[in-house]
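Here is how the chains run, residue by residue.
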Amino acid sequence: MSKPAPREIILNLFSLSADGLVSGGRIGSELGISRTAVWKHVRSLREAGYQIEAVPARGYRLTSAPDSLLPEAVQSGLNCHVVGSRLRCFDETDSTNLQACRLGDEGEGEGLVVIAEQQTAGKGRMGRRWESPAGVNLYASILLRPPILPFEAPRLTFLSAVAVCRAIALTTDLKPTVKWPNDVLIDGAKVAGLLNEMSAETDRVNYIVLGIGVNLNMTAEQFPADLRYPATSLALAAGRPVARLAFTRALLREIDRLYQIFLDSGSAPILAEWTGLCAMTGQPVQVDAGNNIISGTMAGLAEDGALLVRTAAGKIETVYAGDVRPVRSEE
């Protein structure tokens, strides 16, 4: 793991202080720098939006922090095994997935997280555009290099979905559900989408990128009028803004925990948790599988994450790709 940046170390010292005060001497000792250099780092944090009060003869006190997704703020005290070992944060980029894939091709190590305040070419499943307004949501991609075969890679989508649901539950009072294969919903409206991409050879995975977009603080006016599926944001659903930094840190911790479970125990525990979050299990559904429409009752997931649909004739259809929607009784 790379050495923490000075600003990350300083923010971590503030978070560990019982009274919120950290002396200049303590900071200088931790960083191995002079008092003058300490002051320069404090000034840099102030310029980034942190409110830091100088207390005579006692040191510095952090009084407020911006809700910006800066590397040092995200990483400070994150304490993950793999995820978040390195961060690349952009004010604007074409796509965090594209950036993560480029870095993966260049040999970047496992655990890299790419975050952007805004995407100009954000993409969802099947090449659909993902609306990515600036400064209100979370657009992130995580680079992993799991020792698995390529056919196992799609199971990591369920890891991302469970992690998003856990983070929502930790930071709000909302109760998220999941929709196969890669959506997270609040009261039936889409609040997050997931897009995994992979570089692989016949017998091994080079890397997998977990792409995650979560609508945190979007307003109703920021959603496009031509949505294929109802959408919302956590702020709209909760009736209050969501702290983006707190959500991001919670999400990265949950991805890290679930990834350790995946490596130690496989996908079964994660698929079981995902199934418990799916409100459509046992309900009438219709699946647009591209070349045909499958109607029936959602029977759950296969071991590989494929959707199982029981038709009216009692046959179990296995679906590997498609759009699923609930069917109301009047339909």
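Below is a short write-up of the structure. Quantities reported herein were computed from a predicted structural model and do not represent experimental measurements.

### Here's the deal with the overall build of the chain
A tally of helices and strands in the chain yields nine helices and 15 strands. Taken over the C-alpha trace, the chain has a radius of gyration of 22 Å; the compact-globule value for 331 residues is 20 Å, and the two agree within 12%. Considering the chain as a whole, with its 331 residues, one finds that 49% of them fall into the buried category. When contacts within the chain are restricted to residue pairs at least 6 apart in sequence, those whose partners lie at least 24 apart make up 62%. Summed over all atoms, the accessible surface of the chain reaches about 15400 Å², with 50% contributed by carbon and sulfur. Side chains of the chain carry 33 positive and 36 negative charges; the gap between the two charge centres is 5 Å.

### Quick notes on the packing of helix α1 (residues 6-16) against helix α3 (residues 35-47)
Where α1 meets α3, the closest approach of the two axes is 10 Å, and the angle between their N-to-C directions is 85°. Here α1 is positioned roughly perpendicular relative to α3, judged by the angle of their axes. Together, P6, R7, I10 and L11 of α1 and H41, S44 and L45 of α3 make up the contact between the two elements. Here the contact of α1 with α3 is composed, by residue class, of four nonpolar, two polar and one charged.

### A short note on the side chain of D183
For D183, the location among the structural elements is in strand β8 (residues 183-186). Reaching out from D183, the side chain makes a polar contact with the side chain of K190 at a distance of 3.1 Å. In this structure D183 touches T177, V178, K190, A192 and G193, once residues within four positions along its chain are discounted.

### Here we look at the sheet that holds strand β6 (residues 138-144)
Across the sheet, seven strands lie side by side as β4-β5-β6-β10-β9-β8-β7; this open sheet has mixed pairing. Each having just a single partner strand, β4 (86-90) and β7 (177-179) make up the two edges of the open sheet. The sheet shows a mean angle of 20° between the axes of neighbouring strands, direction not considered. Here β6 runs beside strand β10 (residues 204-214); their pairing, made up of seven bridges, is antiparallel. Considered in β10, the bridge of S141 is made with G211.

### Examining the sheet that holds strand β2 (residues 51-55)
Across the sheet, three strands lie side by side as β1-β3-β2; this open sheet has antiparallel pairing. The open sheet has two edge strands with one neighbour each: β1 (21-22) and β2. In terms of strand pairing, β2 meets strand β3 (residues 59-64) through five bridges, oriented antiparallel. Across the sheet, A54 pairs through a bridge with Y60, a residue of β3.

### Focus: the nonpolar core
Counting 79 residues, the largest nonpolar core has F247 and W274 as the members making the most contacts within it. Ranked by residues supplied to this core, first place goes to helix α6 (residues 156-171) with ten residues. F247 has contacts with L138, V164, A167, I168, T171, V214, L216, L234 and V242, leaving out every residue within four places of it along the chain. Ranked by size, the runner-up nonpolar core spans ten residues in total, among them F90, A100, A116 and Y207.

### Focus: the environment of D256
Position of D256 among the secondary structure elements: in helix α8 (residues 244-265). Put simply, D256 and V82 are 174 residues apart on the chain and 6.3 Å apart in space, counted from C-alpha to C-alpha. If near-sequence neighbours (up to four positions away) are discounted, D256 is found in contact with C80, H81, V82 and V83.

### Quick look at the pattern of salt bridges
Within the structure shown, the criterion is met by 14 salt bridges. Note that R166 is salt-bridged to E273, the shortest N-O span being 2.8 Å. Separated by 107 residues along the polypeptide, R166 in helix α6 and E273 in helix α9 (residues 268-277) bring together distant segments of the chain. Owing to a relative accessible area of 28%, E273 belongs among the partly exposed residues under this scheme. We note a salt bridge from E317 to K315, for which the minimum N-O separation is 3.6 Å. Exposure remark for E317: the relative accessible area of 24% places this residue in the partly exposed category. One continuous salt-bridge network, built from bridges that share partners, spans R166, E254, R257 and E273.

### Structural notes on the side chain of N206
For N206, the location among the structural elements is in strand β10. At 3.2 Å, the side chain of N206 and the side chain of R204 are in polar contact. Filtering out sequence-adjacent residues up to four positions away, N206 remains in contact with R145, S199, A200 and E201.

Quick notes on the rules
- Residues numbered from 1 in each chain as written.
- Predicted model: local features only at pLDDT ≥ 70, side-chain atom pairs only at ≥ 80, totals over all residues.
- Heavy atoms only, no water.
- Helix = DSSP H or I, 4+ residues; strand = E, 2+ residues; numbered from the N terminus.
- Rg over C-alpha atoms; globule rule 2.2 N^0.38 Å.
- Buried < 20%, exposed > 50% of the residue type's maximum accessible area, 1.4 Å probe, protein only.
- Contact = heavy atoms within 4.5 Å.
- Areas by Shrake-Rupley, 256 points an atom, 1.4 Å probe, with all protein chains shown as cover.
- Lys, Arg positive; Asp, Glu negative; His and termini not counted.
- Charge placed at Lys NZ, Arg CZ, Asp CG, Glu CD.
- Axes fitted to C-alpha atoms, helices over the stretch in contact; angles between N-to-C directions.
- Parallel < 35°, antiparallel > 145°, perpendicular 65-115°, else oblique.
- Nonpolar A, V, L, I, M, F, W, Y, C, P; charged D, E, K, R; others polar.
- Polar contact = N/O pair within 3.5 Å; in protein donor to acceptor, adjacent residues only side chain to side chain.
- Pairing = 2+ DSSP bridges.
- Core = buried A, V, L, I, M, F, W, Y, C linked by side-chain atoms within 4.5 Å.
- Salt bridge = Lys/Arg side-chain N within 4 Å of Asp/Glu carboxyl O.

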